[in-house]
Amino acid sequence: MKKLLVSLAALALLAACNKDDDGNDVKQPELLAKKITKIEMVGEQPYEFTYNKEGKIETINSYKVTYGTKEVKYNGVTYTLEDGRTVKSVVEDDDASEYSYKDGYLTQCVWTEGSDEEKYAYTFKSGNLTQHIWSEKYEEDGKTEEDSETYDITYGKQSNNMNLDLLDIILGIYPNDASLLGIAGNRSVNLPEKAVCTYTYTDEDTGKEVKCEEICTFAYKTDAEGYITEINTTYTGKENGKEVDNRTYKRVITYEK
């Protein structure tokens, strides 16, 4: 089964009032001052960050970020900017993705090549990302194939107010590093309490459709100043309602002195 959890995060935009998909005025969280320098998870390579004088990410695990007036370059990808948000990303002068926004929030990212298409769609309500749908369409053996995954996300009271947007560290639902670099629109106001990913696949042996469900719950540990120091995740995987996997993860976050 595919993992719901990936890695990496986004540098936030400054606090401002915007409207979500329902047209409600939403204020972006006021960010705490200390910057994240390392995010670790047992068994995984840690992510280490350095920053320039403007407070922007300068390197991620020694990979340099280059900022221009209308573009940002990082790890082989060039991001074209409008109003501080990426509208296009090109990987090694080849694959390109297009981005769309509504009231400052990312609504979709689409990659196309010929008749093949991969789409990431996002729905925000009350300032939080409540649903993400990933889908792809491609040609195989002369036939058009389609796949999709739906993520339904609910929230508690934990604010998403660290200098990095921790949502994508937790969920891993953005197609590239635009979120990490702070150029993918407004962040979710809060961090998720629960995320459920649903999708289906066809069993090659039986030819029958299998309904999959991946459930993640999240608990946060903070210090006396309100900085998140640990993110504890419980993951449960189900196929046709039967539990097939159960794991726990812990991410430890370190800040500058």
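The rules behind the values
- Sequence order as written defines the numbering, with residues in each chain counted from 1.
- In view of the model being predicted, local features appear only for residues whose pLDDT reaches at least 70, and side-chain atom pairs are presented and counted only at 80 or more, with totals across whole chains, interfaces and linings using the full set of residues.
- To get the side-chain values, take all heavy atoms of the structure and skip hydrogens and water.
- Secondary structure is summarised from DSSP: a helix means a run of H or I of at least four residues, a strand means a run of E of at least two, and numbering begins at the N terminus for each.
- To get the radius of gyration, use the C-alpha atoms; to get the globule rule, take the number of residues to the power 0.38 and multiply by 2.2 Å.
- The cut-offs for exposure are 20% and 50% of the maximum accessible area for each residue type, with area from a 1.4 Å probe on protein chains only; residues under the lower value are buried, those over the upper are exposed, and the others partly exposed.
- Accessible areas in this description were obtained via Shrake-Rupley with a 1.4 Å probe; residue shielding takes into account the shown protein chains only.
- Counted charges follow a simple rule, with Lys and Arg positive, Asp and Glu negative, and His plus the chain ends left uncounted.
- All charge positions are set by atom: Lys at NZ, Arg at CZ, Asp at CG, Glu at CD.
- To count toward a patch, a residue needs a relative accessible area above 30% and no salt bridge. Like charges then connect within 9 Å, nonpolar side chains (Val, Leu, Ile, Met, Phe, Trp, Tyr) within 5 Å.
- Any carboxyl oxygen of Asp or Glu that lies within 4 Å of a side-chain nitrogen of Lys or Arg is treated as forming a salt bridge with it.
- For two strands to pair, DSSP has to find at least two bridges joining them.
- Whenever two N or O atoms come within 3.5 Å, that pair is a polar contact, provided that in protein one can donate a hydrogen and the other can accept it, and provided that, for residues adjacent in sequence, both atoms are side-chain atoms.
- The contact definition used throughout considers only heavy atoms, calling two residues in contact when any of these lie within 4.5 Å.

Okay, the overall build of the chain next. Each helix and strand counted, the chain has one helix and 20 strands in total. Computed over its C-alpha atoms, the radius of gyration of the chain comes to 19 Å, within 12% of the 18 Å expected for a compact globule of 257 residues. Overall size of the chain, expressed as C-alpha extent along the three principal axes, is 60 × 40 × 40 Å. Among the 257 residues that make up the chain, the fraction classed as buried is 42%. Carbon and sulfur atoms provide 43% of the accessible area of the chain, an area that totals close to 13,600 Å². Distance between charge centres in the chain, computed from 31 positive and 49 negative side chains, equals 7 Å.

A cluster of acidic side chains, namely Glu 92, Asp 93, Asp 94 and Glu 113, defines a negative patch on the protein surface. Structurally, the position occupied by Asp 93 is in the loop between strand E10 (85-91) and strand E11 (95-102).

Within a regular strand, the side chains alternate between the two sheet faces. With six bridges connecting them, strand E9 (residues 77-82) and E10 associate as antiparallel partners. When the sheet's bridge partners are listed, Thr 78 is paired in E10 with Val 90. Connecting E9 to the antiparallel partner E10 that follows it, the hairpin turn spans two residues, and Asp 83 within it adopts a positive phi of roughly 55°. Direction of pairing for E10 relative to E11: antiparallel, over a ladder of four bridges. Across the sheet, Val 91 pairs through a bridge with Asp 95, a residue of E11. Hairpin connection, E10 to E11: the antiparallel pair is bridged by three residues, and Glu 92 has positive phi, about 50°.

With respect to the secondary-structure elements, Arg 187 resides in the loop between helix H1 (167-171) and strand E17 (190-202). Although Arg 187 is buried, it forms no salt bridge, and the closest oppositely charged side chain is Asp 165 at an N-O distance of 4.6 Å. A polar contact of 2.5 Å, which involves the side chain of Arg 187, links it to the backbone oxygen of Asn 160. Within the structure, the side chain of Arg 187 is placed 3.3 Å from the backbone oxygen of Asn 163, a separation counted as a polar contact.

Scanning the entire structure with this criterion turns up four salt bridges. Linking Glu 225 and Lys 34 is a salt bridge whose minimum nitrogen-to-oxygen distance equals 3.1 Å. A residue pair is termed long-range when its members are at least 10 positions apart, and Glu 225 in the loop between strand E18 (209-222) and strand E19 (228-239) and Lys 34 in the loop between strand E3 (25-27) and strand E4 (36-41) qualify at 191 residues. Residue Lys 73 is joined to Glu 71 by a salt bridge in which the shortest nitrogen-to-oxygen separation is 3.7 Å.

Next up on the list: the environment of Thr 234. Among the structural elements, Thr 234 can be located in strand E19. Residues Thr 234 and Phe 218 lie 16 residues apart in sequence; the distance between their C-alpha atoms is 6.7 Å. Once you skip the residues sitting within four places of it in the chain, Thr 234 turns out to touch Ile 215, Cys 216, Thr 217, Arg 247 and Thr 248.

This part takes up the pairing of strand E5 (residues 47-51). As paired strands, E4 and E5 are joined by two bridges and run antiparallel to one another. For Ile 39, the partnering residue across the bridge sits in E5 and is Tyr 47. What sits between E4 and E5 in their antiparallel hairpin is a turn of five residues, with Gly 43 showing a positive phi close to 85°. Pairing of E5 with strand E6 (residues 57-60) involves three bridges; the strand directions are antiparallel. Bridged to Phe 49 within E6 is Ile 60. In this structure, the hairpin formed by E5 and E6 is closed by a connection of five residues, where Gly 55 is found at a positive phi of approximately 85°.

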